[in-house]
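# A closer look at the structure
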Amino acid sequence: MTVRKIDLRSDTVTRPTDTMRQAMMDAEVGDDVYGDDPTVIQLETRLAEMTGHQAGLFCPSGTQSNLLALLSHCERGDEYIVGQTGHTYKYEGGGAAVFGSIQPQPIDFDENGCLPLDKIDAAIKPVDSHFARTRLLCLENTQWGRALPMDYLGEATALARRRGLAVHLDGARVFNAAVKHEVPVRQICESFDSVSICLSKGLGAPVGSVLVGNSEIIDRARRWRKVAGGGMRQAGILAAAGLHAIEHHVDRLAEDHDNAERLARGLQNIEGYSVDKPQTNMVYVHDAYGRANELKARLERENIIVTSGNPMRLVTHLDVSRDDVDHVVGAFNKVSSIIAVEAVG
Ligand SMILES: *Cc1c(COP(=O)(O)O)cnc(C)c1O
């Protein structure tokens, strides 16, 4: 028998549950490129309703969903304002520039994961042939596990509107933000022109993201999805997993948040480490010894998988139980005392 490992690298690592697999088995399917896969339509419609948008588009990944949004809002020579460490800037291979000739204007996130309003304002370029045309503001929620304050969302989208920009939300984990704030997800999503939502993170589906927006944006994105090679056929099999996830795995995100808090509490008293207070399902551990690689290797021997890094990001999810968290805390204690002795000796 293979030993079960506790995988804290990301919430993308969750495996579909038995009931999710059954829902996939039972899915009614069609050909989504012809627009007649009923399960895909159901997923797109459901998420559009839940988020207060007119339409949705099922995409193979969040990276593609964000890319399609950027391509639909901007044209060649346009620009989007984005966080310096934003996924749509730093972690998507420069896709907007590669495929759309769209230029990013990155600015620094503040300590809450927000782009400061004065910095956004200052980054918007005047209409002048020297400059790219600033067209879009792109926010991220949650940003490194931080749920953006609700007030901020209204202020940032109002600023963008006032200055003639559209606003896109990379809401890969927007359901975590909604659960954290105890608000319907619509309240976070409705002031944006488009929102990209991952089904394959904490929601536990194997594949897929949905882009929501008004019909015009989604029509454009649908065309770009085909261009990008993202038109899938009997995709209802996958959409069924997404539907199951939004029916059954949203409220339980609170458990992941509780587990993250329990993990942070357990780790914060270990000598040599400091832990940021988690807001959702991510715990950031700062390691005074700077020996993340060794920590990772030693944890692996305790059947715990992490990515090295300082801070080290630990992510709780559907496949991490409260007992697992306690096991992780115990292993950290054991491993870190070995590392501490070595560091001194
Ligand atoms: C995971 C993620 C995405 C999309 O990633 P895919 O792996 O392409 O699905 C987008 N934005 C953020 C913030 C993410 O964490």
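Structure: above.
## Regarding the pairing of strand E3 (residues 78–83)
Counting buried residues along E3, 6 of its 6 residues qualify, which places the element largely inside the surrounding structure. Note: E3 against strand E5 (residues 133–140), 4 bridges, orientation parallel. Paired with Glu 79 across the two strands is Thr 134, which belongs to E5. Relative to strand E4 (residues 103–107), E3 runs parallel, the two being bridged by 5 bridges. Its bridge partner lying in E4, Glu 79 is registered against Gln 103.

## Regarding the sheet that holds strand E10 (residues 282–287)
Read from one edge to the other, the open sheet built from 3 strands follows the order E9-E10-E12, with strand pairing classed as antiparallel. With partners counted over all chains shown, the strands left at the sheet margins are strand E9 (273–275) and strand E12 (312–315), one partner each. Neighbouring strand axes in the sheet, compared pairwise and without regard to direction, differ in orientation by 30° on average. Taken together, the 4 bridges between E10 and E12 define a ladder with antiparallel strand orientation. Of the residues in E12, the one forming a bridge with Tyr 284 is Arg 313. Across the face of the sheet, helix H12 (residues 253–267) comes into contact with E9, E10 and E12 while running at roughly 15° to E10.

## Brief notes about helix H11 (residues 236–248)
With 13 residues, H11 extends 18 Å from end C-alpha to end C-alpha; this agrees with the ideal 18 Å at 1.5 Å per step. Every buried residue of H11 is accounted for by Gly 236, Ala 239, Ala 240, Ala 241, Gly 242, Leu 243, His 244, Ala 245 and Ile 246. Those residues of H11 hidden inside the fold are in contact with helix H1 (18–26), helix H2 (38–51), strand E2 (55–59) and helix H8 (174–181).

## Considerations on empty space enclosed by the protein
Enumeration according to the criterion identifies 2 cavities of 30 Å³ or more in this entry. Here the largest cavity is characterised by a volume of approximately 50 Å³. Breaking the lining of the largest cavity down by element, the ones donating at least two residues are H8 and strand E7 (194–198). Ranked by residues supplied to the lining of the largest cavity, first place goes to H8 with 3 residues.

## Looking at a positive patch on the surface
The grouping of Lys 180, Arg 265, Lys 277 and Arg 322 at the surface amounts to a positive patch. Relative to the elements of secondary structure, Arg 265 occurs in helix H12.

Cut-off values and rules
- Residues numbered from 1 in each chain as written.
- Predicted model: local features only at pLDDT ≥ 70, side-chain atom pairs only at ≥ 80, totals over all residues.
- Heavy atoms only, no water.
- Buried < 20%, exposed > 50% of the residue type's maximum accessible area, 1.4 Å probe, protein only.
- Helix = DSSP H or I, 4+ residues; strand = E, 2+ residues; numbered from the N terminus.
- Pairing = 2+ DSSP bridges.
- Axes fitted to C-alpha atoms, helices over the stretch in contact; angles between N-to-C directions.
- Contact = heavy atoms within 4.5 Å.
- Expected span 1.5 Å × (residues − 1).
- 1 Å grid on protein atoms, 1.4 Å probe; cavity = no way out; pocket = protein on both sides within 12 Å on 5 of 7 lines; lining within 4 Å.
- Points joined across faces, edges and corners; volume = space filled by probe spheres on them.
- Patch = residues over 30% accessible without salt bridge, like charges linked within 9 Å, V, L, I, M, F, W, Y side chains within 5 Å.
- Areas by Shrake-Rupley, 256 points an atom, 1.4 Å probe, with all protein chains shown as cover.
- Salt bridge = Lys/Arg side-chain N within 4 Å of Asp/Glu carboxyl O.
- Lys, Arg positive; Asp, Glu negative; His and termini not counted.
- Charge placed at Lys NZ, Arg CZ, Asp CG, Glu CD.

Purely spatial values, then, with no claim about function.
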